[in-house]
Amino acid sequence: MKCSSIILLIAIQAGISNQFKCGVPQQSTIHLIVNGFNALKGRWPWHVAIYHKNHPLTAYVCGGTLISSTHILTAAHCVINPRTGYQIPSKSILMEAGAYDLNQDFQGRQRHSVKAVYKMANYTRTSPKYDVAILELDSEVEFNQYVQPACVYSRKDLTGKVGTVVGWGITETNEVSSVLKEAELPVVDTLTCLTSNRYVFGPTLEKGMFCAGYVDGTSVCNGDSGGGIFFNINGAWHVGGIVSYKQVREGNTALCRTDGYAVFTKLYDYLQWISTVTGVNLIGVKGRKMPDGDKCEPKSANAPKIGTNAFPRNCGIYSPSRIIFGRTAKVFEFPWMAILLYKNKNLHCVGTLINKRYVLTSALCVQPSFPEKVRLGEHTRQQNVDCNEDDDCAPPVRDYQVECVVRHQNYNHKTELYNIALIRLKRNVLFEDHIQPICLPLTKNLRSAEVGSYIITGWGTTEENKLSLSLKKATILAVSGHDKCRRLFAGEQYDPKAIYTDQFCTVSEDSPAYCYGDGGGPLGQTVRFNGMRFVQFGIFSNGWGECHRSNILFTRVGAYMDWILANVRA
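Throughout this document, residue positions are counted from 1 along each chain, in the order its sequence is written. The predicted nature of this model means local features are confined to residues of pLDDT at least 70 and side-chain atom pairs, given and counted, to a pLDDT of 80 or more, with totals for whole chains, interfaces and linings taken over all residues. Side-chain figures throughout are based on the complete set of non-hydrogen atoms in the structure, without hydrogens or water.

Looking at an unreviewed UniProt entry, one finds the chain named AAEL014163-PA and attributed to Aedes aegypti. Heading Subcellular location (unreviewed entry) of the UniProt record for the chain holds this comment: "Secreted". The UniProt entry for the chain carries this comment under Sequence similarities (unreviewed entry): "Belongs to the peptidase S1 family. CLIP subfamily." UniProt positions are given in the numbering used here, feature names are shortened, and annotations may be inferred rather than shown by experiment.

So this is what it looks like as structure tokens:
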């Protein structure tokens, strides 16, 4: 059995009935079969099959490990579309537990849809680092002799231990195995792995990974990705790693080599993250800090939340009398505007400063590329000093390095649902006259408030279809009702039925509107909140039409306040 992926193992202490303990098969077993032989039905009840739904076909793509009644561990690359680089929508992923022969029906098989996908915010498809993901099912699996959870391995050192990998990958005869196979693989130290092939492992092998296998023996291959490597600890099987990658064959980049070591994601380094996402108590996790911190991993809206005092009360200072319809904004007028800076200078996205450490933007602006820096205090691009007509000048712009991005785990780039993200900066922002935070709809009333008109700002294309690279624009737009919003988008690139209450749209008949370059920009208005404050109610998601006549879709910030509070950290 061969493959191109990584395996993760962690010991868990789950609330499972006495009848079904983690890592203990209920089927009677035989001695371990090595060298890629068929596994015994029911021997690995935690190993699951992951499918991608691509109508009209549903195809097997990866393996995974059941660690609770609703959570699956797999590899991050298993939830990425290899052609586009975007995360596959959760609704397009299926999980099948209790499977043995993928080509034959079996009464013990259970198929479940996926409710949410969680992966490390820093994962990119160009690197095997952070190659771990969690699938949350939309319903609980039923534990029986063919479906059970594995324990999760909580110890750090695996070197010298022999683990077992299972999967439906390509065999030594270059054929895809429809029957579940298993093989024993020894874990080797990092130096041994590196010296075996420095060209392959030198640039990619990092902390949080380990190697297993033989130089000229059984290994993993295509189709085994996302599956686990399991270790028997005191009679219970623990998943310690996830199949991540392996060297490809010369002249055939689509197939792995049949010899050499495979690389696995080391689950020990992700115990805290797994515990946070799943709610499963991991043995030995208490007090352990994630190497990359817990601050950069997306959490559900139900996770513990930070207090509203994390957002400055003295936010959104703005005078509505200063705005002139469709004209250039004044210096200091919108001091929360942020420009996202990428390696690729052709990308144009903005965001808003919401406190001393975070910028709010759209998920579209951080996938597949995320910014390296955020520029604050800008008004006129390509100009050293920004001044109003009365020579009231602003200090220089300030650039802040990005620590990480937290994109909503359920973001769907096709429907624009869950189109929201947070950018965490490496250091605290120093508030100045030209750099101030915007207010968010923190109260219950503001979360559901509907304002008759809003103000939008940005540096995108104007109504004359000219690039506004120099001056920030501000425009007031009337908001349509939700039913009208659905009708406006009917027949366009959006399914009108997919425009939900966490989105709303505006209509621009004859007035300037958002265009290319304003992605992630704010929509807000001055309302009563700690006095009169400018509150952000929307994030630009996408538009349809020409710049002078368009319908615009926004993410409703109030619908995601629980998610924001759960993901902002001190």
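Draft legend 1. Region of interest: the nonpolar core. Among buried residues, those of type Ala, Val, Leu, Ile, Met, Phe, Trp, Tyr and Cys that are joined through side-chain atoms within 4.5 Å constitute a nonpolar core. Buried means the residue's accessible area, taken with a 1.4 Å probe over protein chains only, is under 20% of the maximum for its type, while exposed means over 50%, and partly exposed covers the values in between. By size, the foremost hydrophobic cluster in this structure holds 58 residues, and its most contacted members are L73, W273 and I274. In this description, contact between two residues means that some pair of their heavy atoms is separated by no more than 4.5 Å. Among all residues touching L73, those that are not within four sequence positions of it are G64, T65, I67, V132, A133, I134, G226, V239, I242, L267 and I274. In this structure, F311, L446, Y454 and V557 belong to the second largest nonpolar core, which totals 43 residues.

Draft legend 2. Quick look at the sheet that holds strand β24 (residues 398-407). A pair of strands is labelled paired if DSSP reports no fewer than 2 bridges between them. For helices the rule is a DSSP run of H or I covering at least 4 residues; for strands it is a run of E covering at least 2, with both sets numbered from the N terminus onward. Spatially, β20-β21-β22-β25-β24-β23 is the arrangement adopted by the six strands of the closed barrel, whose pairing is antiparallel. Neighbour-to-neighbour, the strand axes of this sheet turn through a mean angle of 40°, independent of strand direction. Summarising the sheet, strand β23 (residues 373-376) and β24 pair through four bridges and their orientation is antiparallel. The residue bridging V374 from the neighbouring strand is Y400, located in β24. Each axis is a line fitted through C-alpha atoms, taken for helices only over the stretch in contact, and angles between the N-to-C directions span 0 to 180 degrees.

Draft legend 3. Here's a closer look at the packing of aromatic side chains. Two aromatic rings from Phe, Tyr or Trp, using only the six-membered ring of Trp, form a pair when their centres are within 6.5 Å; if the ring planes differ by under 30 degrees the pair is stacked, by over 60 it is edge-to-face, and anything between is tilted. Applying the stated criterion to the full structure yields 14 aromatic pairs. Taking the centre distance of 6.2 Å and the plane angle of 75° together, the rings of W44 and W46 count as edge-to-face. Each member of the pair W44 and W46 is classed as buried. With 6.1 Å between their ring centres and 75° between their planes, Y51 and Y60 make a pair best called edge-to-face. Y51 gets classed as buried once you look at its relative accessible area, which sits at 7%. Each residue in the set W44, W46, F230 and W237 is aromatic and connected to the rest through ring pairs, giving one cluster. Put simply, a charge is over a ring when the Lys NZ or the Arg CZ is close to the ring centre, within 6 Å, and near the line of the ring normal, within 35 degrees. We note R111 situated over the ring of Y51; from NZ or CZ to the ring centre the distance is 4.9 Å.

Draft legend 4. Molecular detail of the side chain of N81. Its location among the elements puts N81 in the loop between β6 (71-74) and β7 (93-97). Here N81 falls in the buried class, since its relative accessible area comes to 19%. In this structure N81 touches Y86, I88 and R125, once residues within four positions along its chain are discounted.

Draft legend 5. Spatial organisation of the pattern of salt bridges. A pairing counts as a salt bridge when a side-chain nitrogen of Lys or Arg comes within 4 Å of a carboxyl oxygen of Asp or Glu. Evaluation of the coordinates by the stated rule reveals 11 salt bridges. The residue E96 makes a salt bridge to R111 at a minimum N-O spacing of 3.4 Å. Residue E96 is located in strand β7, and its partner R111 is located in strand β8 (residues 110-119); the two are separated by 15 residues in the primary sequence. Overall, the relative accessible area of 6% leaves E96 in the buried class. The residue R447 makes a salt bridge to D562 at a minimum N-O spacing of 3.1 Å. Of the two residues, R447 sits in helix α4 (residues 444-447) while D562 sits in helix α6 (residues 561-567), which places them 115 residues apart along the sequence. On the accessibility criterion, R447 (24% relative accessible area) is partly exposed. Relative accessible area serves as the criterion here: at 32%, D562 is assigned to the partly exposed category. What emerges from the salt-bridge pattern is a single network uniting E96, R109 and R111.

Draft legend 6. Main features of the sheet that holds strand β4 (residues 47-54). Reading around the circumference, β4-β5-β6-β9-β8-β7 is the order of the six strands in this closed barrel, with antiparallel pairing throughout. Across the sheet, the axes of successive neighbouring strands diverge by a mean angle of 45°, strand direction being ignored. Looking at chain direction, β7 and β8 are connected through four bridges and run antiparallel. Paired with M95 across the strands is H112, a residue of β8. Where helix α3 (residues 271-278) meets the sheet, it contacts β6, β8 and β9 (133-137), and its direction lies at approximately 15° from that of β9.

Draft legend 7. Quick peek at unusual backbone geometry. Of note, Y130 is a non-glycine position whose phi angle comes to about 60°, a positive value. Residue position: Y130 is located in the loop between β8 and β9. The phi torsion at Y418 lies on the positive side, around 60°, for a residue other than glycine. With respect to the element layout, Y418 can be found in the loop between β24 and β25 (421-425). Owing to a relative accessible area of 31%, Y418 belongs among the partly exposed residues under this scheme.

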